[in-house]
Amino acid sequence: MFSLFRKEITSFFGSLTGYLIAFVFLIGNGLFLWVFPGNFNILDNGYSTLDTYFSLAPWIFLFLIPALTMRLFAEEKRLGTLEVLVTRPLSLFQLVWSKYMAGVVLVLICLLPTLIYFYSVYSLGNPVGNWDSGAAWGSFIGLFFLAAVYVAIGLFSSSLTDNPVFSFILSLFLSYLFYVGIEQVASLNLSVALNEFFIRLGINEHYLSISRGVVDSRDVIYFLSLTFFFLVLTSMTLQLRQKKWKKQLQKLVTLMAGLIILSYLSGFFFFRLDLTSEKRYSLSDLAKEMVQQLDAPVKIDLFLDGELPAGFRKLQGAVKEKIQDMNAFSRERIRFELHDPYKMTENQKERDQLFDRLITLGLQPTDLRLKQDEGTVTKLIFPGAVIRYKDYEIGVNLLSNNQNLPSEVNLNNSIEKLEFEFSRAFKQLLNDERPVVAFLKGQDELSNSETQDIRQSLMENYEVKDLKSTQLVNGKTIPKVLIVADPSRPFEEQDKFYIDQYLMRGGNLLWLIDPVQVSLDSLSRGETTLAFPRDLNLMDQFFKYGIRVNPDLLQDVECLMIPVNTSLDANNPKYTPAPWYFSPLLTPSQDHEISRNLNRIESEFVSSIDTVGKNPNLKKSVILHTSLYSRKLRTPFEVSLQSINNPPARNLFQDKLLPVGVLVEGIFPSVFQNRMVDQFNLQGIDLLSESKPAKMIVLADGSLIANQVTHRNGQIQTLPLGYDRYSRQTFGNKEFMVNAINYLSDDLGIMSLRSQVFKIRLLDKVKIREQRLFWQTLNIVLPLVLISLFGLIFNLVRRYKYHR
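Residues numbered from 1 in each chain as written. Predicted model: local features only at pLDDT ≥ 70, side-chain atom pairs only at ≥ 80, totals over all residues. Heavy atoms only, no water.

Peer 1: What should I look at first to understand the environment of Phe542 in this one?
Peer 2: Residue position: Phe542 is located in helix H23 (residues 539–544). In contact with Phe542, not counting residues within four places along its chain, are Trp511, Ile513, Ile547, Val549 and Val698. (Helix = DSSP H or I, 4+ residues; strand = E, 2+ residues; numbered from the N terminus. Contact = heavy atoms within 4.5 Å.)

Here it is, written out as structure tokens:
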């Protein structure tokens, strides 16, 4: 066997054809990955990864490996030496195995010079070494398994003929057929079971999984089984020369039955090794449980195709990978299709209808600027997906669009929360009953028109009601979350009692409180107003729950800009943006899943919050705070627009990260413990002195949940929550509020999936710009030099050995 193995290696490096094949492979890889512009170009993509190499390699293998294997048996047949080999004291399988190992080693020799790509990406990382080596080596394992299958197919093709050219063509066809051809059959209108069978029969499904750095035992068994199948088939083909048809047919049937049983069993007993540094392809137990509950096929349409920048292509690939991860644990197939809305129809009217339908489903369009030969082109894209399950469909936005962050960070944040977005959507599709979210009424809270935008957003997942305090604990359905939106009238003891007992029974509270009263009407008329403390009779209740809302006002250097008339001519006003320090742009905490990766929050006349007490049963987390440059003002305090002309000195803003939003969760003590409650417990409910596990969020600004309301032509119009009509920016108020309510109502822990962190790995743009030619030359020329040097040493050693 070793003699045959050595013969094939010597034959390859002893002829010009072998070097030509290796050179074509290395030059093709080098040009596509480092020189030619396009989706495969590593330098243009800007990410410190070799994903494009592992995406391109299977297609180059389609030509390389058939060229390497076409002569292994065909040449023996043509020269008549196969009969001599068969008479040797070797079994046919040993003969096949020696040829196969030679083919695998030849492929590995051609692959080894490409390790220079690893060094290049490592060196170009920003900073140097900023790349995921575990994922790269895991992907290399997948590439080896793919090569092993292609060599087995090439060996089988070579055993069928004495014509190397025909062997090459047949091997190319069979490799393509198993790589993507069989999978294409699943695109026909077949049954779900047949579609699943053909998808899993093809190589592409398994290679996509393992080439990411995820070693799944089912994929390993598939590659080993397919390799073994073609090797045995090759051995049987050689045995057919002995006219033992029936015996070989029985062996083939037995082999196929055994491999099918093995593949079936591997679906029940499997393991996955995620070699990536952040375990980005490992699903949480919650996500696994969610997809395992799906009892019907799922169709996901992703509207993110066509000509896209590298970052959006990375997001597109991450969506595909996440769906593949979910398919690994789902009982039912999750199908996936890419769509370019501009190519789905040529008719403009139908296209507009499609866009309107996507917007109706909740997909938020965004402008995308593309650089083309004719200049910069702007087009509207919908970076989201529509999920169809049974008779339901739901839209999912996948792009985090924080205007204060670079595009690379936004896209990375989007990739981080893919598992959260899909899990939340599946939960919504699986649950027919919607929990109740109630707005408290009775203390002059915000009107329905002032909370219209957040109400409409909540109606997608919740049943939204208006309730009085007396309806919280005696109704058939206790609200999952109670929202107290900017009350302006003091709470009676009866109201406080029922809210307290609602919390004791496991209810969850979202307080939006203004502890300071400011007359906005006076300010709008240009008058001076007085900010003074507002007594809502809640301080004792908050204090018992571990919170103190301070009756102060906060100013912040990071604030809204408002238009101010700077013209001296009253007839020709000129408006100039000026900072309004009483409208801080609050910063969501990056340490909690509610507020992580959100845009800044628009506020007005906000106050500070302190946490008090050391109750071990309560956990307190700051989820919203000011910037590094803020200050407190004691009230009463005179507020006037004239302060814009005389802004406070910058050195006065010495306070940092002042809390304005706090989450408290755990077991709360009752405010009415050991108190006589008969006078306001008119419903005669049982007094609970300690709560079930519950959650409460306190925000020291009632306007955080309020959308602006305008009156035009006698009609009321509402602006989106968080929208500033002067700067025309939309801040993160709505997403923050929705996240807060989702967290309060989340019993499963889906919101915890928002805490995933993936490191951004980018290439050094300065190095690429200044040293582009060097790295292109290095990755094209050096692999050729290495393979030439190897061949030279090999032949010199061989010549020296036989000359002696």
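Peer 1: Help me out: how do you make sense of the sheet that holds strand E14 (residues 529–533) in this one?
Peer 2: Hydrogen bonds along the backbone pair up the strands of a sheet, which may run parallel or antiparallel. On the basis of which strands lie adjacent, the open sheet formed by three strands has the order E13-E14-E23 and antiparallel pairing. At either margin of the open sheet sits one strand with a lone partner, and together these are strand E13 (516–517) and strand E23 (637–639). Pairing analysis gives three bridges linking E14 to E23, with the strands arranged antiparallel. Considered in E23, the bridge of Ala531 is made with Phe637. (Pairing = 2+ DSSP bridges.)

Peer 1: Could you clarify how one ought to interpret the packing of helix H16 (residues 310–327) against helix H19 (residues 418–430) in this entry?
Peer 2: Working note: a packed helix pair is described by the angle between its axes plus the distance between those axes. Two elements in contact, H16 and H19, have axes whose closest approach is 10 Å; the angle formed by their N-to-C orientations is 55°. Looking at the two axes, H16 sits oblique to H19. In terms of crossing hand, the pair formed by H16 and H19 is right-handed. For the pair H16 and H19, contact is made by Leu315, Ala318, Val319, Lys322 and Met326 and by Leu418, Glu419, Phe422 and Phe426, respectively. A class-by-class count of the residues in the contact of H16 with H19 yields seven nonpolar, no polar and two charged. (Axes fitted to C-alpha atoms, helices over the stretch in contact; angles between N-to-C directions. Parallel < 35°, antiparallel > 145°, perpendicular 65-115°, else oblique. Left-handed = near helix turned anticlockwise from the far one by under 90°. Nonpolar A, V, L, I, M, F, W, Y, C, P; charged D, E, K, R; others polar.)

Peer 1: Could you clarify how one ought to interpret the packing of aromatic side chains in this entry?
Peer 2: What describes a pair of aromatic rings is the distance from one ring centre to the other and the angle between the planes of the rings. What the rule picks out here adds up to 34 aromatic pairs. Aromatic pair Trp137 and Phe140: ring centres 6.1 Å apart, planes at 65°, arrangement edge-to-face. Here the residue Trp137 and the residue Phe140 both occupy positions in helix H9 (residues 133–159), the gap between them amounting to three residues, near one helical turn. The class for Trp137 is partly exposed, based on a relative accessible area of 45%. With a relative accessible area of 14%, Phe140 lands in the buried category. Between Tyr222 and Phe223, the aromatic rings sit 5.6 Å apart at their centres with planes inclined by 75°, giving edge-to-face as the arrangement. The residues Tyr222 and Phe223 share a single accessibility class, namely buried. Across from the ring centre of Phe73, 5.6 Å away, lies the NZ or CZ of Lys99, which sits over that ring. (Phe/Tyr/Trp six-rings, centres within 6.5 Å; stacked < 30°, edge-to-face > 60°. Buried < 20%, exposed > 50% of the residue type's maximum accessible area, 1.4 Å probe, protein only. Lys NZ or Arg CZ within 6 Å of the ring centre and 35° of its normal.)

Peer 1: Please explain the pairing of strand E9 (residues 436–440) as it appears in this structure.
Peer 2: Looking along a regular strand, one sees side chains alternate from face to face of the sheet. Within E9, five of the five residues are buried, which leaves it mostly tucked inside the rest of the structure. The alternating pattern of E9 places Val436, Ala438 and Leu440 and Val437 and Phe439 on opposite faces, both of which are buried. Where E9 and strand E10 (residues 463–467) come together, five bridges link them in parallel fashion. Paired with Val437 across the two strands is Val464, which belongs to E10. In this fold, the crossover linking E9 to E10 by way of helix H20 (residues 452–458) has right-handed handedness. Pairing analysis gives three bridges linking E9 to strand E11 (residues 481–485), with the strands arranged parallel. Across the sheet, residue Val437 finds its bridge partner in E11, namely Val481. (Right-handed = clockwise from strand over helix to strand, strands pointing away.)

Peer 1: Looking at this model, I keep getting lost on the sheet that holds strand E4 (residues 334–338). Mind explaining?
Peer 2: If you trace the four strands from one edge of the open sheet to the other, you get E4-E3-E7-E8, paired in mixed fashion. Single-partner strands in this sheet number two, and they are E4 and strand E8 (392–397). Averaged over all adjacent pairs, the angle separating strand axes in this sheet is 20°, with direction ignored. Two strands pair when backbone bridges link them, and strand E3 (residues 298–302) and strand E7 (residues 384–389) are joined in this way by five bridges, in the antiparallel orientation. Residue pairing across strands places Asp301 opposite Val386, the latter belonging to E7. Contacts between H16 and the sheet are confined to E3 and E4, with E4 contributing the most and set at about 165° to the helix. On the sheet, H19 packs against E3, E4, E7 and E8 and is oriented at approximately 155° with respect to E8.

Peer 1: Can you walk me through the side chain of His625 in this structure?
Peer 2: Relative to the helices and strands, His625 is located in strand E21 (residues 618–625). With residues near it in sequence (within four places) discarded, His625 still touches Leu586, Thr587, Ser589, Leu657, Leu658, Pro659 and Val660.

Peer 1: I keep staring at the nonpolar core and nothing clicks. Help me out?
Peer 2: The tendency in soluble globular proteins is for nonpolar side chains to be buried side by side. In terms of nonpolar packing, the biggest core is built from 86 residues, with Leu50, Phe61, Leu143, Ile203, Tyr207 and Phe230 touching the most fellow members. For this core, the element with the most residues is H9, which contributes 14 residues. Ala385, Phe426, Leu510 and Leu512 belong to the second largest nonpolar core, which has 80 residues in total. (Core = buried A, V, L, I, M, F, W, Y, C linked by side-chain atoms within 4.5 Å.)

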